[in-house]
Amino acid sequence: MSAEVLAKNVTASMWPVSVARDGFSVEEAATVRQHFAPFKLATAGNQALYTYLNMAEFFPHHLVARQGGVRSLPLKPNADLMALQVSSALGEVSVESLLEDPRSRLQGLIVVHRGEIVLEHYPGMREEDSHLWWSVAKVPAGVLIEQLVDEGKLKLNVSVASYLPGFKKTAWARVTVGQVLNMCSGIDALDTPEGYANPDSGIGRLIYAEAILTRAGHEPLGHDQALRSMVLAQEPGSRYEYSSANTNILSLLIERVTGMRYSEVLQERIWSKIGAEGDALMGLTPEGRAIAHGMFSSRLRDLARFGLLFTPGGHNPAVIPASALKRLATYKNGQRAYLNAPLAVKKAQALLGAAPVAAPSQWDALFSDGDLFKSGYDGQALYVSPSREVVIAMYSTSREKSAYRLLRPIAEYFSD
């Protein structure tokens, strides 16, 4: 996308992201609330800018409380990172220019190297704000499944329906826990704009059940009913296909085997153990089910603290089992279902500048060097380079994703 096209996407009526950094006025907040409509979340406009920082005003939420001491992240700014040249829709520009250009819509970026903050910048939010993760929230669901597998409470090669009796007569009965975890369930619920917009599509039924989208005169199915109604599009395990339905199935499995609500499991097993400095929030459907695939919010530093779990210096075996890291390592030479999805590989390569070899355990990409990447709907991101001890977390409200191209160059800067 050229700078000219990018400029057209930032219309004169759109507030600059600095509005969020400086604090929304009473009038601005009132305008968003007066004209709120769920479909506007997909436009990355003023409503999204406000809502992503204030989701609890529009959807019910559970508090995911922090506990214990705060994990220290000492400040050690590295000016070279701001000067680093990266490819973007604005051309070859410095990281600093990309952060400061209002067309990029970047709201926050943090880089942690060996446990120290080497870059932190907030063009479009405040340090203490909790921003929506969108699909970056899928990774904690994967972590919880990995924990339960390590404890023997779930088995990756066992059918979903073995744990969820209400799904025995559905397409999910042919799908294993591992296939759901690795986004190769074969279920016909592909995440696409067309699928979201159609309330009768597989993914549409889920999105409308969650009230992320609504339509006048349309009576949505319940959350679990929407999942049970889904059908197979292909043989389970044959090909990677990204679907948020998989993540919500994981959340039901987690609730089933723990006997606890998903947000409480997330708090007890992850959030209370990362040294978070702030509470997080988990969004709920109208009937109280966790929107596990995306409606999770936290401070930017706490997203980075979560990412540190996947690095040698920040690894906590009580949260990320060694067996889970070993499973991730087995995919470094390629994951069959993922490599059977060349369009997904090509898309990831266009976004990141390198072709991944796998997308395991709810991550979007695993590279041959062991780096991990997960994206969110409007430019949120978590990038972890275990070998370099680097974590990069980013919040954004933009339909344009070329800013992802800064992630690998920043990580590679720290190569020995």
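These figures come from a predicted structure and were not determined experimentally.

Caption draft 1: Focus on the packing of aromatic side chains. Summed over the entire model, instances satisfying the criterion amount to 17 aromatic pairs. Measuring from ring centre to ring centre gives 5.9 Å for Y52 and W134, while their planes differ by 85°; the resulting arrangement is edge-to-face. You can see Y52 sitting in the loop between α4 (46-51) and β1 (61-64) and its partner W134 sitting in the loop between β6 (131-132) and α7 (138-150), a full 82 residues away along the chain. Just as Y52 is buried, W134 falls in that class too.

Caption draft 2: Main features of the pattern of salt bridges. With the rule as written, the count across this model stands at 24 salt bridges. Linking D101 and R103 is a salt bridge whose minimum nitrogen-to-oxygen distance equals 2.8 Å. What makes R103 partly exposed here is its relative accessible area of 29%. Within this structure, D369, D371, R388, R408 and E412 form a network of salt bridges that share partners.

Caption draft 3: Local environment of the pairing of strand β3 (residues 91-94). Sheet topology places strand β2 (residues 85-88) next to β3; 4 bridges connect them, and they run antiparallel. Note that in β3 the partner of S88 across the bridge is G91. From the end of β2 to the start of β3, which pair antiparallel, there are 2 residues.

Caption draft 4: Molecular detail of the packing of α7 against helix α13 (residues 244-258). The interhelical angle for the contact between α7 and α13, taken along N-to-C directions, is 40°, at an axis separation of 10 Å. One element, α7, and the other, α13, form an angle in the oblique class. Both α7 and α13 take part in a crossing whose hand is left-handed. Mapping the contact onto sequence places K138, A141, L144, I145 and L148 in α7 and S244, T247, L250, L253, I254, V257 and T258 in α13. The residue inventory of the contact of α7 with α13, partitioned by class, reads 8 nonpolar, 3 polar and 1 charged.

Caption draft 5: The arrangement of the nonpolar core in detail. If you look at the biggest cluster of nonpolar residues, it comprises 97 residues, and the most contacted ones within it are W172, F306 and F310. Looking at this core, the element that brings in the most residues is α7, giving 7 residues. Those residues in contact with W172 that lie beyond four places of it in its chain are S159, V160, A161, F167, V180, S185, I187, L227, M230, A245, N246 and I249.

Calculation criteria
Residues numbered from 1 in each chain as written. Predicted model: local features only at pLDDT ≥ 70, side-chain atom pairs only at ≥ 80, totals over all residues. Heavy atoms only, no water. Phe/Tyr/Trp six-rings, centres within 6.5 Å; stacked < 30°, edge-to-face > 60°. Helix = DSSP H or I, 4+ residues; strand = E, 2+ residues; numbered from the N terminus. Buried < 20%, exposed > 50% of the residue type's maximum accessible area, 1.4 Å probe, protein only. Salt bridge = Lys/Arg side-chain N within 4 Å of Asp/Glu carboxyl O. Pairing = 2+ DSSP bridges. Axes fitted to C-alpha atoms, helices over the stretch in contact; angles between N-to-C directions. Parallel < 35°, antiparallel > 145°, perpendicular 65-115°, else oblique. Left-handed = near helix turned anticlockwise from the far one by under 90°. Contact = heavy atoms within 4.5 Å. Nonpolar A, V, L, I, M, F, W, Y, C, P; charged D, E, K, R; others polar. Core = buried A, V, L, I, M, F, W, Y, C linked by side-chain atoms within 4.5 Å.

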